[in-house]
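Structural overview
Single-letter residue listing:
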Amino acid sequence: MSKAAIVFWSATGNTETMAEAVKAGAQEAGAEVSVFSASDFSADMVADFDAIAFGCPAMGDEVLEEDEFQPMFDTVLPALNGKKVALFGSYGWGDGQWMRDWQEACQNAGVSLVCECVIANEAPDDEAVAACKALGAALVN
């Protein structure tokens, strides 16, 4: 059985809703899934999982959350090579630049993403929830 982690930060609950859908998709695909807030996950935990989905909303000028999520992600990024990785998050303004920048940071670090990233404008609608479930399934297949 594949072991997957869902690691996220959420201010309004939108990204948390997405994380729950990713979890459901991974579980339906047969994975054992653990969910962590960004402050509860560290680089030494990466080795415990076959796949990891990271979720963070756009903050400020379309950047990752800077106090908890970005520092955590910076420390785990070097350990992600060879892992199945997926990204998701919500935004309330802009056009998704934070996600494009995040994808590029992963690619520049040699991390390959297993599927298209999922973004939702504000609260995830049914289409975004379905995309998150598909992301969860792709993460473990």
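Below you will find a few notes about this structure. Just so it is clear, the structure is predicted and the values come from calculations on it, not from any experiment. Note on numbering: residues in each chain are counted from 1, in written sequence order. Per-residue local features of the predicted model are confined to residues with pLDDT of at least 70, and side-chain atom pairs are confined, for both listing and counting, to 80 or more; whole-chain, interface and lining totals are unaffected and use all residues. The side-chain figures draw on all heavy atoms in the structure; neither hydrogens nor water molecules are used.

**Some words on the overall build of the protein chain**
- Strands here are runs of E lasting at least two residues and helices are runs of H or I lasting at least four, both read from the DSSP assignment and numbered beginning at the N terminus. A count of helices and strands for the protein chain gives 4 helices and 5 strands.
- Taken from the N to the C terminus, the helices and strands of the protein chain come in the order β-α-β-β-α-β-α-β-α.
- Every radius of gyration here is taken over C-alpha atoms, with the globule rule written as 2.2 Å times N^0.38, N being the number of residues. The globule rule puts the C-alpha radius of gyration for 141 residues at 14 Å, and the 13 Å found for the protein chain is close to it.
- Whether a residue is buried, partly exposed or exposed follows from its accessible area with a 1.4 Å probe, protein chains only, as a fraction of its type maximum: under 20%, in between, or over 50%, in that order. Scored against the burial criterion, the 141 residues of the protein chain give a buried share of 45%.
- Taking the intrachain contacts of the protein chain between residues at least 6 apart in sequence as the baseline, contacts between residues at least 24 apart amount to 77%.
- In these tables, accessible area is a Shrake-Rupley quantity obtained with a 1.4 Å probe, and a residue counts as shielded only by the protein chains included in the view. Here the protein chain has roughly 6500 Å² of accessible surface; of this, 46% comes from carbon and sulfur atoms.
- The averaged location of the 23 negative side-chain charges in the protein chain is 11 Å from the averaged location of its 6 positive side-chain charges. Contacts were defined at the residue level, with two residues in contact if any of their heavy atoms lie within 4.5 Å. Under this rule, positive means Lys or Arg and negative means Asp or Glu; His and the chain ends count for nothing. Lysine's charge is taken at NZ, arginine's at CZ, aspartate's at CG and glutamate's at CD.

**Some thoughts on the sheet that holds strand β3 (residues 51–55)**
- Across the sheet, which stays open at both edges, the 5 strands sit in the order β2-β1-β3-β4-β5 with parallel pairing between neighbours. In the strand order of this sheet, the two ends are held by β2 (32–37) and β5 (118–121), each with one partner. Between one strand axis and the next, the sheet turns by 15 degrees as a mean value, whatever way the strands run.
- Strand pairing is defined by DSSP finding a minimum of two bridges between the two strands. As paired elements, β3 and strand β4 (residues 84–91) share 5 bridges and run parallel to each other. Among the inter-strand pairings, A51 is bridged to a residue of β4, identified as K84.
- Axis definition: a line fitted to C-alpha atoms, over the contacting stretch in the case of helices. Angles run 0 to 180 degrees between N-to-C directions. Lying on the sheet, helix α2 (residues 69–76) is in contact with β1 (3–8) and β3; it crosses β3 at an angle near 155 degrees.
- Strands in contact with helix α4 (residues 126–140) are β1, β3, β4 and β5; relative to β4, the strand with the most contacts, it is inclined by about 165 degrees.

**Observations concerning the side chain of N14**
- Residue placement: N14 occurs in helix α1 (residues 14–28).
- Whenever a nitrogen or oxygen atom comes within 3.5 Å of another N or O atom, the pair is scored as a polar contact, on the condition that within protein one atom can donate a hydrogen and the other can accept it, and that pairs from neighbouring residues in sequence are kept only if both atoms are in side chains. Among the polar contacts made by the side chain of N14, one reaches the side chain of T12 at a distance of 3.3 Å.
- At 3.5 Å, the side chain of N14 forms a polar contact with the backbone oxygen of E122.
- The residues contacting N14, other than those within four sequence positions of it, are S90, E122, A123 and P124.

**Points about α2**
- All buried positions along α2 are accounted for by F69, M72, F73 and V76. The arc that holds every buried residue of α2, seen down its axis, measures 95 degrees, which confines them to one face.
- Buried residues in α2 make contact with β1, β3 and α3 (97–108). This arc describes the spread of directions from the helix axis toward the C-beta atoms.

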